[in-house]
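Notes for the structure review
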Amino acid sequence: MIGYMGEFEELVLLTIAVLNESAYGVSIKEDIEQRTDRSISIGSLHSTITRLEEKGFITSWLGDPTQERGGRRKRYFQLTNQGKVALRNVKTLRDELWNLSKVTLAFSA
Amino acid sequence: MKGIEPPRLAQKIFEWFCSDAAVEDLRGDIEELFYVNLGKMSVRKAKSLYWLHTLSLVTSYAVRKRKRRKNKFSSTEYTMDMLKSYFLIATRSLAKHKFFTIINVLGLATGMSISLLLITLITFVTTYDDFHVNKDRIYRVISKTNVLNNREFARTPLPLAENLQSEYPGIEEVIRISSDLSGEAEFDGKQIPMEGFFVDSHFLNVFSFPLLKGNITTALEKPQSMIITEEGAQRMFGTEDPMGKVINLKKFGDFEVTGVLKQLPKNSHIQFELLVPFQALEISKSSQKFIASDEKWSDLNIYTYLLLPKTFSEDEPERIGTFLDKIAKKVYSKNSEFVASFKLQPLSDIVPGNDLALEIGQSWDTLSFIVFGILTLLILLPACFNYANISISRALKRSKEIGLRKVVGGQRNQIFLQFILETVIVTLLALGLAYVFFVIIRNEFIPVVVDSLILDLTPRAITILYFVGFAIFVGFVAGAVPALFFAKLNPIQALKSKSSSKASGGSMIRKALIVGQFALSLGFIMAVTITIKQHAATLNYNFGFDQENILDVELQGVDPNIFRNEFSKLSSVQSISMSSNIMGASNPTRVWIQKPEGKDSTDVCKCLLITTTYLTSI
């Protein structure tokens with residue numbers, strides 16, 4: 001199952017890609033919540049981020065201390081090449097399936 | 001939004017839970033969320049959300065992972081190599097500081113030797129009656145009475161056994177045991193006092209005392225048959241074969257030996273040399289009281305044991321209990337002077353168990369074990385305190401080592417473990433010495449506590465295992481304080497300072513330990529001094545009669561006239577006088593005396609019956 005990616009993992013990965021330079025815990029959480037209209041727990045978000053980092057899909061670095069966080073630093077996330085390849089693979093597979101299933105889906109709609 | 005902060009307790013919990021793992025960004029995230037939420041909702045709601053976030057993070061994989069890799073240069077895992085190294089360092093350090101080691105080992109060994117005694121005693125007592133094949137099915141009926149401050153008696157009235165046998169269908173065997181047999185046994189002109197019981201003939205089917213000779217089903221069938229133990233046979237017949245020999249038991253007539261029992265295990269709560277059928281008691285003329293009748297309900301004269309069927313249901317003992325209650329109600333309703341109720345006691349509860357009156361054999365009540373246990377602790381604890389004090393005061397010698405360990409990444413719990421391990425090595429050494437002490441004091445101790453015949457303090461495999469477990473436990477108790485102290489040392493101070501690396505907390509603990517140790521020791525010295533004085537006072541007290549050259553001999557059922565005749569032949573015996581009881585030592589006979597002033601008023605007197613020369617000879 002190398003390269004396997006869950007739905008939530010994909011969502012987080014894409015959001016990091018969207019937020020670009022400003023992807024950190026709170027911003028990722030808020031962005032996903034806004035877009036998908038679902039509430040996600042901070043714990044599971046960070047667990048998923050940790051897993052993505054383990055898989056080598058993202059890297060992270062600490063930013064500067066900020067006032068509104070009690071002087072604590074933010075950890076920013078960024079996609080690695082490996083992460084981009086993984087996202088692309090998922091997309092290719094999806095596209096392929098979409099193309100093949102177009103007829104049936106059109107029927108039911 | 002100034003002034004409002006996230007809940008402090010939640011922050012503390014987070015901090016404590018993550019210890020020194022890198023979670024700055026995570027805490028920042030939830031704090032940021034908190035302030036964002038403050039703008040959107042009530043303070044209360046924001047705070048509870050903060051709690052929720054904290055819990056969600058604390059239990060998340062993210063924090064788990066970060067805790068695991070919190071320090072690249074140190075591992076919190078305990079590898080075999082590390083333990084080996086600890087062991088090596090510990091042995092080196094112990095070998096280097098021989099004086100310290102010897103003092104500690106000696107101190108701990110003294111404290112532990114008493115504990116070993118207690119452990120052996122407890123393991124021995126818990127094996128009581130384990131050898132009976134039917135041990136889970138054997139019950140005894142005991143009586144709770146309204147006499148002697150509502151004491152419980154191990155005996156029951158005679159008719160109860162018959163009632164159980166005939167009116168309660170679910171019992172496999174009812175065994176009656178009477179201890180009236182003790183007295184002199186005569187064979188071939190030789191008279192030897194023997195202990196024995198009258199028992200129902202199925203006694204050996206219930207209790208697993210193996211027969212060396214004879215048939216288990218027929219040995220007690222005839223009323224004039226008798227089973228003797230190996231040791232009893234040896235006393236009576238020497239090396240001769242006891243089978244078929246006829247022994248005369250004064251009051252009860254002649255009995256033929258039909259079986260020889262293997263020597264009884266010491267951990268049996270029933271001890272005897274002879275077994276004689278219960279029938280013999282019933283037909284003997286001198287024992288009219290052993291014929292069951294309704295008047296006999298106020299005499300607690302026999303022991304009643306029950307064997308339940310192999311597949312008895314769980315509530316069977318309870319049902320028997322209600323049946324016993326019913327009998328008691330029926331029997332004692334009219335008789336108000338003596339009232340008793342009965343209950344079942346499983347074999348395993350007899351020894352160790354509660355202290356019952358008229359117990360069939362030696363009893364080991366739980367209370368005396370607790371007292372002994374507390375005494376043991378009082379002796380053991382100062383030894384542990386002592387170890388802790390000496391170890392901490394030696395901290396200077398080890399502080400460099402600990403400082404260095406910490407600098408290269410030694411974690412607190414690793415240093416804690418190291419010193420615990422070192423203490424365990426010391427306590428294991430002490431165990432060796434304590435065992436030697438134990439063997440020495442064991443022989444002194446046995447006669448103090450109890451008739452040595454029934455106490456077996458030879459440790460078995462399991463006892464040795466308990467010993468080792470105990471030594472490790474003592475290692476933890478004695479080592480905890482110094483190990484904590486060392487684990488807490490500040491590495492910079494430990495490496496730098498030559499004179500004092502005292503952590504302030506450590507000295508407080510030490511002071512407390514020293515005070516505790518001295519208080520206990522002083523208490524002991526006082527207690528011992530008082531005991532010695534009291535003992536001396538008791539011995540030297542002037543009772544008003546000459547105690548020199550007087551022997552008090554308990555006759556144990558021997559005919560007094562024969563005794564008097566035989567002993568008066570000895571030239572060293574000047575005079576012989578007799579009393580009904582040993583003066584001061586046993587329960588005297590009670591008599592009721594009518595007071596002179598009125599016919600109805602009586603008084604109880606304790607009464608000692610004596611022969612005419614008694615007063616003059618003392």
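Residues numbered from 1 in each chain as written. Chains lettered and ligands numbered in written order. Predicted model: local features only at pLDDT ≥ 70, side-chain atom pairs only at ≥ 80, totals over all residues.

The next subject is the nonpolar core. Residues and elements named next belong to chain B. If you look at the biggest cluster of nonpolar residues, it comprises 62 residues, and the most contacted ones within it are Phe-198, Val-199, Phe-203, Met-226, Leu-274, Leu-275 and Val-276. The element that contributes the greatest number of residues to this core is strand E13 (residues 300–307), accounting for five residues. Look past the residues within four positions of Val-199 in its chain and what remains in contact with it is Ile-175, Ile-177, Leu-275 and Phe-278. Of all hydrophobic cores here, the second largest spans 40 residues; its members include Cys-384, Ala-388, Val-474 and Leu-513. (Core = buried A, V, L, I, M, F, W, Y, C linked by C-beta atoms within 7 Å. Buried ≥ 20, exposed ≤ 12 C-beta atoms within 10 Å, placed from the backbone. Helix = DSSP H or I, 4+ residues; strand = E, 2+ residues; numbered from the N terminus. Contact = placed C-beta atoms within 7 Å.)

Further remarks concern the interface of chain B and chain A. Opposite the 19 residues of chain B that make contact, chain A presents 18 residues. If you list the elements that add at least two residues to the side of chain B that touches chain A, you get helix H2 (24–40), helix H3 (43–58) and helix H4 (61–68) of chain B. No other element matches H2 of chain B, which puts 11 residues into the side of chain B that touches chain A.

Spanning 17 residues, H2 of chain B covers 25 Å between terminal C-alpha atoms, matching the ideal 24 Å at 1.5 Å per step. For H2 of chain B, the complete set of buried residues consists of Asp-25, Leu-26, Arg-27, Gly-28, Asp-29, Ile-30, Glu-31, Glu-32, Leu-33 and Phe-34 of chain B. (Expected span 1.5 Å × (residues − 1).)

When two helices pack together, their arrangement is given by the angle between the helix axes and the distance between those axes. Residues and elements named next belong to chain B. Orientation of helix H12 (residues 366–393) relative to helix H15 (residues 461–488), taken along the N-to-C sense of each, is 30 degrees, at an axis distance of 9 Å. With respect to H15, the element H12 is oriented roughly parallel. Where H12 crosses over H15, the handedness of that crossing is right-handed. Across the interface between the two elements, Cys-384, Tyr-387, Ala-388, Ser-391 and Ile-392 from H12 touch Val-474, Val-477, Ala-478, Val-481, Pro-482 and Phe-485 from H15. Tallied by class, the residues present in the contact of H12 with H15 amount to 10 nonpolar, one polar and no charged. (Axes fitted to C-alpha atoms, helices over the stretch in contact; angles between N-to-C directions. Parallel < 35°, antiparallel > 145°, perpendicular 65-115°, else oblique. Left-handed = near helix turned anticlockwise from the far one by under 90°. Nonpolar A, V, L, I, M, F, W, Y, C, P; charged D, E, K, R; others polar.)

Residues and elements named next belong to chain B. Burial of the side chains of strand E7 (residues 196–199) extends over both faces: Gly-196 and Phe-198 are buried on one face and Phe-197 and Val-199 on the other. As defined by bridge partners, strand E4 (residues 173–178) adjoins E7 across two bridges and the pair is classed as antiparallel. Counterpart to Ile-177 in the pairing with E7 is Val-199. The sheet contact formed by E7 and strand E12 (residues 274–277) spans four bridges and is parallel. Paired with Phe-197 across the two strands is Leu-275, which belongs to E12. (Pairing = 2+ DSSP bridges.)

This part is about the confidence of the model for chain B. All names here are of chain B. Predicted confidence across chain B gives a mean pLDDT of 83, with 91% of residues reaching 70 or more. When pLDDT is averaged over each helix and strand of chain B, the minimum, 76, is found for strand E15 (residues 589–594) and the maximum, 92, for strand E9 (residues 225–229). The ipTM for the predicted assembly is 0.85, set against a pTM of 0.64. (pLDDT = per-residue confidence, 0-100.)

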